[in-house]
Amino acid sequence: MLSKPFKLSISETELSRRLRCFTIKPNFLRVYGYPVESVKHKGKVEIFKGLPDSSRASNSKSKMELVNFGLHLRSYSASSTDSGHGSSASSSPNADSDSSETSEDEPIIATAYFTASGRSQVLPPRAHSLRKQCVRCLNFFHVTDAGTYLKRENCTFHWGKIYEFYNDRERRYIEQYTCCFGTKDAAGCTRHPQHVWTGVVAGFNGPYSDFVHTRSHRDDKSAATKVYALDCEMSFTGRGLEVTKVTVISYDGQVVYEHFVRPFTHIVDYNTRFSGISEKDLCKFWNNDVKTLTEVQRDLLNLFDADTILIGHGLENDLRVLRMVHKTVVDTSIVFPHRLGFPYRRSLKHLTKSYLKRDIQVSGDGHDSLEDTRACLELMLWKLDKEIRTKGC
């Protein structure tokens, strides 16, 4: 339950005006992984998942250019200070370098994956795109575009994160998993009968033809801009993460829309530990408040227009699973940046604790989308309050 919510005495019109300066610029939506119109395939949508700066995957003997659907991510030859293995300590190459590009060679089309060490690995092109990497154990598996697994394989993994804990006996910090306190090299403590993936891979994803677009209300230019906060809970299917619950609240924190969503694809893992979604939630026998994605899209398009300001945390993920293109967004993971910069992001839980002095996501039953939407909204109200107090405007 939320306690002591942060409130700001402000009208929705004034709130929307002040939030404008925090919306992501349209030309940066692609960089942050938001669904956008394809520059190559007219009428289609694409999603770009960028590689972190450390993933250059270059070596001292060769240089290559990573190309995927028209975007060029140049890789540079290793210098004396770079091992060439794409370690996390590597700095990003200088785009103005004049001696390290292979402009005369034909680009090599490649796909990037992440290894257990946290480094990236560039693999040669495959004859098909069925090969995916499990986000839990990092092993590879094969699944069709329709979400059908070609082989049933068990997945053994750690569901927790690695943190440094102080060991009194050894008098030093050691890295352990939060789920079982196993060391970094310990075997997984959890098993699932299938591998899972997010639904997107590094590089360009798409082109997609099943996205909807929020529409502009040109017939009513005097209509006030609405402000909503949005959050989705997701479960794993063969096609990656799909939306299983959507919550929308208004600028004053009141729920205006909340429904469970039944994916078209068979659910492989409800991801209950994090999503809070169970099989019972999506069963019409137990729950009459379940809709299809098409029904939810229709409802949201009636609620949002192209000028509506949507607030969320990592909102590109929510829009992706909603199969929706919307360009007026305020993303708290961008407004409150990580000290190391993008693509690193601070968790919503950490932001809420740091700025609102409140704990969220502490229930053992998984995340609560209503709790998360209110946290996002209140973070932006806190931000605006600080701006008003410090700038006197």
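Going by the structure above, here's the rest.
Residues numbered from 1 in each chain as written. Predicted model: local features only at pLDDT ≥ 70, side-chain atom pairs only at ≥ 80, totals over all residues. Heavy atoms only, no water.

## As for the state of the cysteines
Throughout the structure, instances matching the rule amount to 0 disulfides. Residue C179 stays outside any disulfide, its sulfur separated by 3.5 Å from that of C189, the closest cysteine. The closest cysteine sulfur to the non-disulfide-bonded C180 is located on C189, 3.8 Å from its own sulfur. Accessibility expressed as a relative area gives 34% for C180, which makes it partly exposed. (Disulfide = S-S within 2.5 Å. Buried < 20%, exposed > 50% of the residue type's maximum accessible area, 1.4 Å probe, protein only.)

## Concerning the packing of aromatic side chains
Within the structure shown, the criterion is met by 13 aromatic pairs. With a centroid separation of 4.9 Å and 85° between ring planes, the pair formed by Y32 and F342 is classed as edge-to-face. Of the two residues, Y32 is situated in the loop between α1 (12–19) and β1 (36–37) and F342 in the loop between α5 (332–335) and α6 (348–355); the sequence distance between them amounts to 310 residues. A relative accessible area of 18% places Y32 in the buried class. When its relative accessible area of 37% is taken as the criterion, F342 is described as partly exposed. With a centroid separation of 5.1 Å and an interplanar angle of 50°, the aromatic rings of F48 and F204 are classed as tilted. (Phe/Tyr/Trp six-rings, centres within 6.5 Å; stacked < 30°, edge-to-face > 60°. Helix = DSSP H or I, 4+ residues; strand = E, 2+ residues; numbered from the N terminus.)

## Here we look at the packing of α6 against helix α7 (residues 369–391)
Where α6 contacts α7, the axes come no closer than 10 Å and their chain directions differ by 45°. Judged by the inter-axis angle, α6 sits oblique to α7. In this structure, the crossing between α6 and α7 has a hand that is left-handed. On α7, the residues touching L348, L351, T352 and Y355 of α6 are D372, A375, C376, L379 and W382. By residue class, the composition of the contact of α6 with α7 is 7 nonpolar, 1 polar and 1 charged. (Axes fitted to C-alpha atoms, helices over the stretch in contact; angles between N-to-C directions. Parallel < 35°, antiparallel > 145°, perpendicular 65-115°, else oblique. Left-handed = near helix turned anticlockwise from the far one by under 90°. Contact = heavy atoms within 4.5 Å. Nonpolar A, V, L, I, M, F, W, Y, C, P; charged D, E, K, R; others polar.)

## Focus: the pattern of salt bridges
Counted according to the given criterion, the structure contains 17 salt bridges. Notably, a salt bridge pairs R18 with E14, separated by 2.8 Å at the nearest N-O pair. In this pair, R18 and E14 are both assigned in helix α1, 4 residues apart and thus about one turn of the helix distant. By relative accessible area, which is 18% here, R18 ends up buried. For E14, a relative accessible area of 24% puts it in the partly exposed group. One salt bridge in this structure joins E378 and R358, with 2.9 Å as the shortest N-O distance. With E378 in helix α7 and R358 in the loop between α6 and α7, this residue pair connects regions lying 20 residues apart in the sequence. By relative accessible area, E378 is classed as buried at 5%. Classification of R358 as buried rests on a relative accessible area of 5%. Several salt bridges converge on common partners, so that one network encompasses E14, R17 and R18. (Salt bridge = Lys/Arg side-chain N within 4 Å of Asp/Glu carboxyl O.)

## Observations regarding the sheet that holds strand β14 (residues 203–208)
Within a beta sheet, neighbouring strands are joined by backbone hydrogen bonds and run either parallel or antiparallel to one another. If you trace the 3 strands from one edge of the open sheet to the other, you get β1-β2-β14, paired in antiparallel fashion. For this open sheet the edge positions go to β1 and β14, each flanked by a neighbour on one side alone. Alignment of β1 against strand β2 (residues 45–49), held across 2 bridges, turns out to be antiparallel. Following the sheet pairing, V36 is matched in β2 by E46. (Pairing = 2+ DSSP bridges.)

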